[in-house]
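# Descriptive structure summary
Spelled out from the first residue to the last, the chains are:
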Amino acid sequence: MSKEKAKYTVSSALEGIEIVSAEYEKQSFSKHVHEGYTIGVIEEGAQRFFRSGSNHVAGESSIILVNADDVHNGESATVDGWKYKAIYPTPEHFERISQDLLGSTKLTPYFKDSVINDSRLADQLRLIFDQIENNAPKLLVESLLYSTLMSLATQYGRSIDIPKDKSTSQKGLQMAKEYLDEYPQHDVSLERLAQIAGCTKFHFVRQFGKAFGISPHAYQVQARLLKAKVLLKAGTSIADTATDCGFHDQSHLTRHFKRALGTTPKRFQQQASLYKN
């Protein structure tokens, strides 16, 4: 049976960004272009493709880089085909990050290399794919996207200097933290928190971690769990607690609850009830 299949997903992060999870055996793509970049990780097998005037082969765990409007094609480089996941940021996505980071739209990188081997960035991309496919909170996805796209652009695109952290007031960071405490159920964006703190998104992520020793998303999860404990003690059903605290469903709540507290919401609620009686 042929393995030709592809699943496309669009995340709301960065006002919409597309990813694909695909598996091909005999598929052969003719020369074409995309309006955005193609940044992909080969999960199994190998892919042969034309780009920038020559042919390239990307093996397992390597990263494929195709610039916006680059003419390219694609086919299997192995008998058994290839499996990959890719993200398609547009030049506007890079410009948005550049505007936030540099105060200009300079960061629209041109990737000279068509294939790179960088295990750290490959793992970061895999994490982004997993989080988007699992409908993770926007705050987490946008934080990962900012870090990964910026790393790709600065390390493998044209060279730019990353500015040093600007001073962000403790009061602004505290206000953002209090927002997460008060509205843990909101699927808040990185932009919204940065606005509250009075700094750029890039600097907010770094400064929040320095100030509180935890990432904004990790803190959001903790705030949700604190609210969940209050609701469970009050007798709210586990399903309603999950919804009211911003978790996708009951299993999502249970996974985070057990990881953080070493017990399940059901067990916690039962024990809290016995204690009251």
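Residues numbered from 1 in each chain as written. Predicted model: local features only at pLDDT ≥ 70, side-chain atom pairs only at ≥ 80, totals over all residues. Heavy atoms only, no water.

## Observations regarding the overall build of the protein
For the protein, the count of helices and strands is 10 helices and 10 strands. Along the longest, intermediate and shortest principal axes, the C-alpha atoms of the protein span 75 × 50 × 25 Å. Within the protein, buried positions represent 49% of all 277 residues. Contacts spanning at least 24 positions in sequence make up 68% of the contacts within the protein whose residues lie at least 6 apart. Accessible area of the protein: about 13900 Å², with a carbon and sulfur share of 48%. (Helix = DSSP H or I, 4+ residues; strand = E, 2+ residues; numbered from the N terminus. Buried < 20%, exposed > 50% of the residue type's maximum accessible area, 1.4 Å probe, protein only. Contact = heavy atoms within 4.5 Å. Areas by Shrake-Rupley, 256 points an atom, 1.4 Å probe, with all protein chains shown as cover.)

## Section: the confidence of the model for the protein
Summarising the model, the protein shows a mean pLDDT of 84, and 91% of its residues fall at 70 or more. Mean pLDDT values over the elements of the protein span from 73, in helix α10 (residues 265–276), up to 95, in strand β10 (residues 115–116). (pLDDT = per-residue confidence, 0-100.)

## Remarks on helix α3 (residues 138–156)
Between the first and last C-alpha of α3 there are 26 Å, a value that for 19 residues agrees with the 27 Å anticipated at 1.5 Å per step. Counted residue by residue, α3 has 15 buried out of 19 residues, so it is predominantly covered. (Expected span 1.5 Å × (residues − 1).)

## As for the nonpolar core
With 45 residues, the main nonpolar core has Ile 39, Ile 63, Ile 87, Leu 145, Leu 193 and Phe 204 as its most contacted residues. The element contributing the most residues to this core is α3, with 9 residues. When neighbours within four sequence positions are excluded, Leu 193 is seen to be in contact with Leu 139, Ala 176, Tyr 179, Leu 180, Val 188 and Phe 204. (Core = buried A, V, L, I, M, F, W, Y, C linked by side-chain atoms within 4.5 Å.)

## Notes on the pattern of salt bridges
Applying the stated criterion to the full structure yields 8 salt bridges. For the salt bridge of Glu 23 with Lys 5, the shortest nitrogen-to-oxygen distance reads 3.8 Å. Remark: Lys 5 occurs in strand β1 (residues 5–11) and Glu 23 occurs in strand β2 (residues 17–24); sequence separation between them is 18 residues. The exposure class of Lys 5 is exposed, given its relative accessible area of 52%. One salt bridge in this structure joins Arg 126 and Asp 123, with 3.0 Å as the shortest N-O distance. (Salt bridge = Lys/Arg side-chain N within 4 Å of Asp/Glu carboxyl O.)

## Some remarks on the packing of α3 against helix α5 (residues 190–197)
Two elements in contact, α3 and α5, have axes separated by 8 Å at closest approach and are oriented at 85°. By the angle between their directions, the pair α3 and α5 is classed as roughly perpendicular. Taken together, the residues of α5 that come into contact with α3 (itself represented by Leu 139, Glu 142, Ser 143 and Tyr 146) are Leu 190, Glu 191 and Leu 193. Here the contact of α3 with α5 is built from residues that sort into 4 nonpolar, 1 polar and 2 charged. (Axes fitted to C-alpha atoms, helices over the stretch in contact; angles between N-to-C directions. Parallel < 35°, antiparallel > 145°, perpendicular 65-115°, else oblique. Nonpolar A, V, L, I, M, F, W, Y, C, P; charged D, E, K, R; others polar.)

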